[in-house]
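As a plain string of letters, each chain reads:
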Amino acid sequence: KSEETNFVEKLINYVKCNIISVNFHLIRNEILNMEVRDDDIWVCSFPKLGTTWTQEMVWCIANNVNLEAAKSDLNERFPSLEKAHLPYNLLPIKLQQNVTNAKIVFVIRDPRDVCISYFHFLKLFENDGNFEEFCQMFLDGRLTYGSYWDHRLSYWNQRHSSNVLILKFEDMKNDLKSVIHKTANFLGKNLTDTEMKKVLDHLSFERMKENHAVNQRMSFGILEKYDIIKTKGSFIRCGKVDQWKTVMNFELEKKFEKWEKENLRA
Ligand code: A3P
């Protein structure tokens, strides 16, 4: 296929996905009633929690760290369900009922760092909005995908279910090897020492940042080329823990603290 045909196909798909995300209610029942296969692995998250990092980790574990095959675009190896970061109660019913061997890996991250990451992500699409206003929208649940806590608690309440594994971005940063072990156990896989060494290197921030199969250069690059988006930074940006400590002022810190208390009490 010519580059142009590929581009038009990708663009149509991109527009279709966005229409579907906005009009999610139109396909809600199709998703709820969707077939679930025994060997399905669902990586679920709110945006900016380290979804891509977790997807790549899960894909590598499930595919015996086949880094040659991992050279193709992650979006093709690990399809996103209509680009939606679905809350637990909107997942297919069979998955929720745990009647198959399908598994769910859910990621959590400090919401203050999620908010900062989300702000920078939207800036890639020329959003030069004010950070404080953006934080307020995040706290009010007025961004796409709504309330952070509704989403997180919908999975957290399932943490004792045998088909649910909850991972923390912060643990992945502090001790990725243990997280890989834990995930491999959950998926019924065993990595050799060589595979572990290979995957640890492959999943490091520096490698992921330069890896076009996961850093969205493949999808963003073509849109940039045709001037549809003008990115000003990278999708895999800085990958740090506790960034909020240097970015948020005292007033914002207090707002987040109050918001967390209110939502965890409810
Ligand atoms: P930052 O914007 O804070 O850097 P998602 O995939 O859900 O959109 O999450 C994106 C976030 O995960 C970004 O956070 C990105 O840098 C971070 N990330 C992706 N791969 C990473 C890695 N290998 N190590 C650390 N952080 C990573």
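Before reading further, recall that the structure is shown in the block above.
Right, let's walk through the structure included here. Just so you know, these numbers come straight off a predicted model, no measurement behind them.

Turning to the overall build of the chain, a few remarks are in order. Summing up its helical and strand segments, the chain has 15 helices and three strands in all. Sequence separation of at least 24 residues holds for 75% of the intrachain contacts in the chain that already meet a minimum separation of 6. Summing over all exposed atoms, the chain offers an accessible surface of approximately 14500 Å²; the carbon and sulfur share of this is 50%.

Another point: unusual backbone geometry. For Asn64, which is not a glycine, the phi torsion comes out positive at approximately 50°. By the secondary structure assignment, Asn64 is in the loop between α3 (51-62) and α4 (74-77). Non-glycine residue Val65 carries a positive phi angle of around 50°.

A word on the site of the ligand. Near the ligand, the surroundings consist of 19 residues, among which Thr51, Thr52, Ser117, Cys238 and Gly239 are the closest. The side chain of Thr52 places a nitrogen or oxygen atom 2.5 Å from an oxygen atom of the ligand. Against a free-state accessible area of 570 Å², the protein chains account for coverage of 98% of the ligand. At the level of elements, α3 and α12 (205-210) are the ones that each hand at least two residues to the shell around the ligand. At three residues, the largest contribution of residues to the shell around the ligand is made by α3. Its residues assigned to classes, the shell around the ligand shows nine nonpolar, seven polar and three charged.

Taken across its six residues, strand β2 (residues 103-108) has five buried, putting it largely inside the fold. Strand direction decides the pairing type here: strand β1 (residues 41-44) and β2, joined by four bridges, are parallel. Across the sheet, residue Cys44 finds its bridge partner in β2, namely Phe106. Across five bridges, the pairing between β2 and strand β3 (residues 164-168) is parallel. The partner of Ile104 across the bridge, within β3, is Val164.

With that out of the way, let us pick up the packing of helix α6 (residues 111-123) against helix α7 (residues 131-139). α7 packs onto α6 with a crossing angle of 120° between their chain directions and a minimal axis gap of 10 Å. Considered as vectors, α6 and α7 are oriented oblique to each other. The way α6 lies across α7 gives a crossing that is right-handed. Together, Pro111, Val114, Cys115, Ile116, Tyr118, Phe119 and Leu122 of α6 and Phe131, Phe134, Cys135 and Phe138 of α7 make up the contact between the two elements. Tallied by class, the residues present in the contact of α6 with α7 amount to eleven nonpolar, no polar and no charged.

Pairing is parallel in the open sheet, where three strands are placed in the order β1-β2-β3. Of all strands in the sheet, those with a lone pairing partner are β1 and β3, marking the two edges. Averaged over all neighbouring strand pairs, the angle between strand axes comes to 20°, with direction disregarded. Taken strand by strand, helix α8 (residues 148-156) contacts β1, β2 and β3, and its axis lies near 135° from that of β2. Along the sheet, helix α10 (residues 176-186) contacts β2 and β3; its crossing angle with β3, the most-contacted strand, is approximately 170°.

What follows concerns the nonpolar core. Leu91, Ile104, Phe138, Tyr148, Met248 and Phe256 are the most contacted members of the largest nonpolar core, which has 38 residues in total. Breaking this core down by element, the ones donating at least two residues are β1, β2, α6, α7, α8, β3 and α15 (250-265). When sequence neighbours within four positions are dropped, the list of residues in contact with Phe138 reads Phe46, Pro111, Val114, Cys115, Tyr118, Leu143, Tyr148, Phe256 and Trp259. With 29 residues, the next largest nonpolar core counts Trp59, Cys60, Ala70 and Leu203 among its residues.

How each quantity is defined
- Residues numbered from 1 in each chain as written.
- Predicted model: local features only at pLDDT ≥ 70, side-chain atom pairs only at ≥ 80, totals over all residues.
- Heavy atoms only, no water.
- Helix = DSSP H or I, 4+ residues; strand = E, 2+ residues; numbered from the N terminus.
- Contact = heavy atoms within 4.5 Å.
- Areas by Shrake-Rupley, 256 points an atom, 1.4 Å probe, with all protein chains shown as cover.
- Near = heavy atom within 4 Å.
- Polar contact = N/O pair within 3.5 Å; in protein donor to acceptor, adjacent residues only side chain to side chain.
- Nonpolar A, V, L, I, M, F, W, Y, C, P; charged D, E, K, R; others polar.
- Buried < 20%, exposed > 50% of the residue type's maximum accessible area, 1.4 Å probe, protein only.
- Pairing = 2+ DSSP bridges.
- Axes fitted to C-alpha atoms, helices over the stretch in contact; angles between N-to-C directions.
- Parallel < 35°, antiparallel > 145°, perpendicular 65-115°, else oblique.
- Left-handed = near helix turned anticlockwise from the far one by under 90°.
- Core = buried A, V, L, I, M, F, W, Y, C linked by side-chain atoms within 4.5 Å.

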